Amino acid sequence: MTNAPRPYESYVYAYPHKTAYRPLADRPALRELWAGERKDALSLYLHIPFCEVRCGFCNLFTRIGAPDELTTRYLDALDRQATAVADALHARAATGVRFAAAAFGGGTPTFLDAGELERLCDIAEKRMGADLRGVPLSVETSPSTATADRLSVLAERGATRVSIGVQSFVEEEAKAAVRPQRRSDVEAALGRIRDARIPVLNIDLIYGIDGQTPESWRLSLDAALAWRPEELYLYPLYARPLTPLGRRAHPSEAGWDAQRLDLYRRGRDHLLAQGYEQVSMRMFRRSGAPREGADDYACQTDGMIGLGCGARSYTSDLHYSFDYAVGMREIRSIIDAYTTTEDFSRAEVGRAVDADEARRRHLLQSLLQAEGMAVEGYRERFGSRPADDFPAELDRFADLGWLDTDAGPDLLRLSPTGLAYSDALGPALFSPAVRAAMASYEAK
């Protein structure tokens, strides 16, 4: 076996990453982009870019607070954007427009108060035509914003999954991650979520925090398991540029990698022993739990409609969004520009997805799932086999022991080691062009 690379290169939650996006010179009209696309199983994502605090590890597109009725102005803009997008989808629709799943993310959607959440649901239903009570609806929340009145709105409007970012039940660790919170407040929020009777509760935990030990990691795992969540996500801590943790000194890379890898394996084994199944490196589902939210997986063939200044949309050959930033000043500027935009009929920033990139995206996002990828499904879509398109990459993965040798010729599946190294495997499938674009991106 060749020497393995570092296990924590980058969390690949979408491909290509937004740092590979660039302003679109032709600013294509949305009605033209969507004219030839299937629209009968779309996903809908509404992005709310506000939080009460900025966690030390967070590089998401979000700002702290919303002064001067900013949430009202933001929802006004979201309504205008939804109207323009809906018009574009229906303009030349050969088939009916239907949404198969919906999600509210951020930021923290429950930063909005109960009345504003009602309006957010109205935008999804009345403007976009999504049947929120008839499809899976996932909503992100936080301990401080998971209030009874907000949760009541979400439950009544059809939420099937609530994901809460706890990160750690140990107060010293939460403080070290620049996420100060009291455990009593976290437990109270979890109680309110359970009282709301939303079918799926997901709890996010983070490993690799400064000062975290196997014993304190086990404490957080057991505290989460006491609520019998239908899902648990275990995230490795990253210290990314322009984030509070990114500006601090860190332990040695090798030592930190070893700590995170050890805690990942301990967490994985503990959850498996407690009756959870592993869906991906990060996602674990309680056996028998309902599947009321999207898996840690982006559908490879159906389109995505993203509304909000941090959301991205996908057609079969273009991914597009708005400008991207991590720094607070730049984020505030982008949000302010979004709230004053009147014309949302064109795509502004994005990246074309050609046949090679489509193959890479399909392989990458399918292979990172614990169940693996059926070779025949790939062949039916692309007319070739993965080994024909990516021989060097797959040979390297095999040499590293990342592929399950017992899966058989018709299934590409990661070994337990491969799953553990998902954050190295994913970036290894990036195209040279995407790598170059990401490398030349100027962080802001």
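If you're wondering where the values come from, they're calculated on a predicted model, not measured in any experiment.

> Would you mind showing me how to read the pairing of strand β15 (residues 349-352) here?
Two faces, one strand: in a regular strand the side chains alternate between the faces of the sheet. Note: strand β1 (residues 22-23) against β15, two bridges, orientation antiparallel. Bridging from a neighbouring strand, P23 pairs with V349 of β15.

> Looking at this structure, how should I read the pattern of salt bridges?
Pairs may arise between side chains of opposite charge once their charged atoms sit close together. As enumerated under the stated definition, the model contains 30 salt bridges in all. For R161, the salt bridge is made with E231, and the minimal N-O distance between the two is 2.8 Å. Taken together, the residues R161 in strand β7 (residues 161-167) and E231 in strand β9 (residues 231-236) connect sequence positions 70 residues apart. R161 gets classed as buried once you look at its relative accessible area, which sits at 8%. Taking the relative accessible area as the measure of exposure, E231 reaches 0% and is therefore buried. The partner of R194 in a salt bridge is E230, with the nearest N and O atoms 3.1 Å apart. With R194 in helix α6 (residues 183-195) and E230 in the loop between α7 (214-225) and β9, the pair connects residues that are 36 residues apart, well separated along the chain. Exposure remark for E230: the relative accessible area of 6% places this residue in the buried category.

> Could you clarify how one ought to interpret α6 in this entry?
Here α6 contains 13 residues, and its C-alpha end-to-end distance of 18 Å stays within 8% of the 18 Å for a straight helix at 1.5 Å per residue. Among the residues of α6, V186, A189, L190, G191 and I193 are the ones counted as buried. For α6, the elements touching its buried residues are β6 (137-141), α4 (148-156), β7 and β8 (200-207).

> Is there a simple way to think about the pairing of strand β2 (residues 42-48) in this case?
In terms of residue burial, β2 counts as a mostly covered element, since five of its seven residues are buried. Where β2 lies against strand β5 (residues 99-106), seven bridges are found, and the strand directions are parallel. Pairing of L42 across the sheet is with F99, part of β5. Relative to strand β12 (residues 304-307), β2 runs parallel, the two being bridged by four bridges. Looking at β12, one finds that Y45 is bridged to G306.

Calculation notes
Residues numbered from 1 in each chain as written. Predicted model: local features only at pLDDT ≥ 70, side-chain atom pairs only at ≥ 80, totals over all residues. Heavy atoms only, no water. Pairing = 2+ DSSP bridges. Helix = DSSP H or I, 4+ residues; strand = E, 2+ residues; numbered from the N terminus. Salt bridge = Lys/Arg side-chain N within 4 Å of Asp/Glu carboxyl O. Buried < 20%, exposed > 50% of the residue type's maximum accessible area, 1.4 Å probe, protein only. Expected span 1.5 Å × (residues − 1). Contact = heavy atoms within 4.5 Å.

Nothing here speaks to function; it is all geometry.
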